[in-house]
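As a plain string of letters, each chain reads:
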Amino acid sequence: MSDIQGTSRLGAMAGAELPKPQMSLSEILLMIGIEAMNANDDRIRLAYAKVQQNNKDLQELNKVMAYLAAHKDQDMWENADIGDGRKLGDVLKKFGISYQTRESNGKPFISKDDFKKIETAVKGASDALGGTNQIDMMKLQSTLNKQNEMSQMVSNNMSKLNQMAMSVIGNMR
């Protein structure tokens, strides 16, 4: 008596009839493994997208650092292009870095007196994002490892199913 038949008999004794299984246990495990791999694919895509966004943000912060280094002893225009059409003020605001602006000829600028404060804040934001990115990359690596384990399990189950089928065919000859 198999476990499935025993379960059916127990269900029948309790007044409930369980449907007869249509797939073998190996086939069920194979289907579960494939579904788990599909669900894990979505986790991998999300984790990868997060790491990519972190890398883009780090590049922006690096551009700000380069701009700051090039304009260390100067007033900086808030709308100065730091590269790729990005404005200094927009990037600073994106990362929550506050600063005061003054106006000269109707144009807002950031005083060289605020330079050290901004430089420290940008370095802090870059360091924090770098740490977050390392954690996100470790999560991505862990998710990829799980995917490899699931893939190996599915491959093993497929191999066992193939061996069983070949054995049946061999016995028929």
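You'll find the structure just up there.
Residues numbered from 1 in each chain as written. Predicted model: local features only at pLDDT ≥ 70, side-chain atom pairs only at ≥ 80, totals over all residues. Heavy atoms only, no water.

### Comments concerning the side chain of S126
Point 1. Looking at the secondary structure, you find S126 in helix α4 (residues 115-172).
Point 2. Those residues in contact with S126 that sit more than four places away from it in its chain are L58, L61 and N62. (Helix = DSSP H or I, 4+ residues; strand = E, 2+ residues; numbered from the N terminus. Contact = heavy atoms within 4.5 Å.)

### Points about the environment of E27
Point 1. With respect to the helices, strands and loops of the structure, E27 is situated in helix α2 (residues 25-70).
Point 2. Considered as a pair, E27 and N157 are 130 residues apart in the sequence and their alpha carbons are 7.8 Å apart.

### Brief notes about the nonpolar core
Point 1. Core analysis: the largest hydrophobic core is formed by 19 residues, its most contacted members being V64, L88, L92 and V122.
Point 2. Secondary-structure elements contributing two or more residues to this core are α2, α3 (88-94) and α4.
Point 3. The contacts of V122, once residues within four sequence positions are left out, are L61, V64, M65, L68, L92 and I97.
Point 4. L30, M150, V154 and L161 belong to the second-largest nonpolar core, a separate cluster that totals five residues. (Core = buried A, V, L, I, M, F, W, Y, C linked by side-chain atoms within 4.5 Å. Buried < 20%, exposed > 50% of the residue type's maximum accessible area, 1.4 Å probe, protein only.)

### Structural notes on a nonpolar patch on the surface
Point 1. Together, M23, L25, I28, L29, M31, I32 and I34 give the surface a local cluster of nonpolar side chains, amounting to about 600 Å² of exposed area.
Point 2. Among the secondary structure elements, M31 is positioned in helix α2. (Patch = residues over 30% accessible without salt bridge, like charges linked within 9 Å, V, L, I, M, F, W, Y side chains within 5 Å. Areas by Shrake-Rupley, 256 points an atom, 1.4 Å probe, with all protein chains shown as cover. Salt bridge = Lys/Arg side-chain N within 4 Å of Asp/Glu carboxyl O.)

### Focus on the environment of S151
Point 1. On the secondary structure map, S151 appears in helix α4.
Point 2. Along the primary structure S151 and I34 are separated by 117 residues, whereas in three dimensions their C-alpha atoms are 8.1 Å apart.

### A closer look at the packing of aromatic side chains
To describe a pair of aromatic rings, you give the distance between the ring centres and the angle between the ring planes.
Point 1. For the coordinates displayed, the defined rule picks out one aromatic pair.
Point 2. When the centroid spacing of 6.0 Å and the interplanar angle of 80° are considered together, the rings of W77 and F109 count as edge-to-face. Of this pair, W77 sits in strand β1 (residues 76-77) while F109 is found in strand β5 (residues 107-110), placing the two residues 32 residues apart along the sequence.
Point 3. A relative accessible area of 11% means that F109 is categorised as buried.
Point 4. Above the ring of W77, the side-chain terminus of K107 is found at 5.6 Å from the ring centroid. (Phe/Tyr/Trp six-rings, centres within 6.5 Å; stacked < 30°, edge-to-face > 60°. Lys NZ or Arg CZ within 6 Å of the ring centre and 35° of its normal.)

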